[in-house]
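Structure at a glance
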Amino acid sequence: MMADLGAEHADLREAIRTIHDYPKPGIAFRDISTLLGNPRAFRRAVDELVQPYAGAGISKVAGIEARGFILGGAIAHQLSCGFVPIRKRGKLPHTTVSISYALEYGTDTMEMHVDAVTKGERVILVDDLIATGGTASAAVQLLQKLGAEVAAACFVIDLPELGGADKIRALGVPVRTLIGFEGH
């Protein structure tokens, strides 16, 4: 569900810096570091991502490296539940389960600890932005591989033209976003 309510979310939209032609020409990079540095906008983003799930029996919040750690930790704190880091290959110290997924050019692999979630736990997946959905889809599949019920995938920013949120919905996972930006 796209929750971008226009003027009501103007402070969140204005708190996000756009860097044109990064990381390559034609890309408008949506940088949330400015939102994270703005106490009012950061609090509002976390509160709005938490609100639908308060009292919903969420056991864990899983955050995708790296900005998903910041948002996910704050959301887990608000929901009084645990936090699960989903990291790039080779970054976690204990036994892991992994998944490889396609990138525009090549593949990548992410991992989580084998004991990070247990069968039947209700988990929310969090990251800063959903674009093509490749990374988030792989994270959903990784959580499901360990038996977690992915109750939702939450993002501050959606780039709807790239179809990532629809890809997550096709996996049977509801999507919550706060702001939509046109383009790439």
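Please read all numbers here as calculations on a predicted model, not as lab measurements.

Rules used in this analysis
- Residues numbered from 1 in each chain as written.
- Predicted model: local features only at pLDDT ≥ 70, side-chain atom pairs only at ≥ 80, totals over all residues.
- Heavy atoms only, no water.
- Helix = DSSP H or I, 4+ residues; strand = E, 2+ residues; numbered from the N terminus.
- Polar contact = N/O pair within 3.5 Å; in protein donor to acceptor, adjacent residues only side chain to side chain.
- Buried < 20%, exposed > 50% of the residue type's maximum accessible area, 1.4 Å probe, protein only.
- Contact = heavy atoms within 4.5 Å.
- 1 Å grid on protein atoms, 1.4 Å probe; cavity = no way out; pocket = protein on both sides within 12 Å on 5 of 7 lines; lining within 4 Å.
- Points joined across faces, edges and corners; volume = space filled by probe spheres on them.
- Nonpolar A, V, L, I, M, F, W, Y, C, P; charged D, E, K, R; others polar.

As a further point, take the environment of Glu111. Its place among the elements puts Glu111 in strand β6 (residues 106–113). Through-space distance from the C-alpha of Glu111 to that of Ala28 is 28 Å; in sequence the pair is 83 residues apart. A distance of 3.1 Å separates a polar atom in the side chain of Glu111 from the backbone nitrogen of Gly90.

Let us look at the environment of Ala41. Assignment of secondary structure puts Ala41 in helix α3 (residues 39–50). By relative accessible area, which is 2% here, Ala41 ends up buried. Put simply, Ala41 and Ala54 are 13 residues apart on the chain and 20 Å apart in space, counted from C-alpha to C-alpha. Apart from the residues within four sequence positions on either side, Ala41 is in contact with Asp11, Leu12, Ala15 and Leu35.

What follows is about the layout of surface pockets. As a volume, the largest pocket reaches approximately 1,200 Å³. Residue lining of the largest pocket: 33 residues in total, with Leu103, Leu129, Ala131, Thr132 and Thr135 positioned closest to the centre. For the lining of the largest pocket, the secondary structure elements donating two or more residues are β2 (28–31), β4 (82–88), β5 (96–103), β6, β7 (122–130) and α5 (134–145). Top element by residues in the lining of the largest pocket is β7. It accounts for 4 residues. Of the residues contributing to the lining of the largest pocket, the split by class is 17 nonpolar, 5 polar and 11 charged.

Any functional reading would require information that these geometric values do not contain.
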